[in-house]
Amino acid sequence: SSSYSIKKLEPAGFAFLNKELFQKLQSNGIDNLKEANSISDVVKDSLYWYGLGLDAFYPSAKLLNFATVLESTLKKKDEKTEVQNKISERGAIFLYSEFNTRKKAKKELQDIYGSRSSVVHTGKLIDDEYLALNCGGYARAVLIKLIKNSKEFEGNFNKFIDYLDDVKLGCETKTLQK
């Protein structure tokens with residue numbers, strides 16, 4: 001049975017769009033994103049890439065589309081350096097609160113992003129369905145949690161990213177919905 005949660009870091013079965021996911025998006029506030037703001041813009045673009053990932057047949061294509069969701073939701077548009085590290089840290093911080101779980105998630109996200117970079121920069125295809133679906137699971141979880149917490153950041157994407165960076169430095173100023 002699929003679930004949006006990846007608390008146990010289980011990858012397979014999470015990268016699917018179905019009635020359950022649609023209802024989960026609705027219950028988590030996707031209708032609130034009708035109001036134009038920077039978070040709703042990011043979510044709308046990311047849902048497009050997520051859909052492409054769902055439709056893709058080859059693991060490399062799935063991976064690239066799902067990684068685009070992670071990149072779109074976890075980095076500012078003008079950030080060009082240390083992208084892999086920023087996305088991995090921010091994803092782990094955003095999705096988990098316990099240190100060891102964050103550490104494991106950061107490692108998985110680094111592996112995902114490393115494979116993504118290999119595909120993009122060398123054209124090397126991957127045949128790792130597990131990795132692609134794991135990336136899809138992370139993309140799905142980040143999207144759902146961002147939708148759920150959009151109001152917390154007043155729809156401001158830069159405030160969201162700044163919050164994640166503040167948490168990384170030890171300043172947790174908000175209690176986010178899970």
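Residues numbered from 1 in each chain as written. Predicted model: local features only at pLDDT ≥ 70, side-chain atom pairs only at ≥ 80, totals over all residues. Heavy atoms only, no water.

## What about unusual backbone geometry?
Here's step 1: One non-glycine residue, Glu82, lies in the positive phi region at around 50°.
Here's step 2: For Glu154, which is not glycine, the phi dihedral falls at a positive 55°.
Here's step 3: Assessed through its relative accessible area of 60%, Glu154 is described here as exposed. (Buried < 20%, exposed > 50% of the residue type's maximum accessible area, 1.4 Å probe, protein only.)

## Quick look at the packing of aromatic side chains
Two measures describe an aromatic ring pair: the distance that separates the ring centres and the angle between the ring planes.
Here's step 1: Per the stated rule, a full pass over the model turns up seven aromatic pairs.
Here's step 2: With a centroid separation of 5.3 Å and an interplanar angle of 45°, the aromatic rings of Tyr50 and Phe66 are classed as tilted. Taken as a pair, Tyr50 in helix α2 (residues 38–55) and Phe66 in helix α3 (residues 59–74) lie far apart in primary sequence, 16 residues in all. Across the pair, Phe66 and Tyr50 agree in class, each one buried.
Here's step 3: Each ring, one from Phe153 and one from Phe160, has its centre 5.5 Å from the other, and the planes form 70°; the classification is edge-to-face.
Here's step 4: Among the aromatic residues, those joined into a cluster by ring pairs are Phe94, Phe153, Phe157, Phe160 and Tyr163.
Here's step 5: Looking at Lys77, its charged tip hangs above the ring of Phe157, at a distance of 5.9 Å from the centre.
Here's step 6: For Lys145, the ring lying beneath its charged end belongs to Phe94, and the centroid distance is 5.1 Å. (Phe/Tyr/Trp six-rings, centres within 6.5 Å; stacked < 30°, edge-to-face > 60°. Helix = DSSP H or I, 4+ residues; strand = E, 2+ residues; numbered from the N terminus. Lys NZ or Arg CZ within 6 Å of the ring centre and 35° of its normal.)

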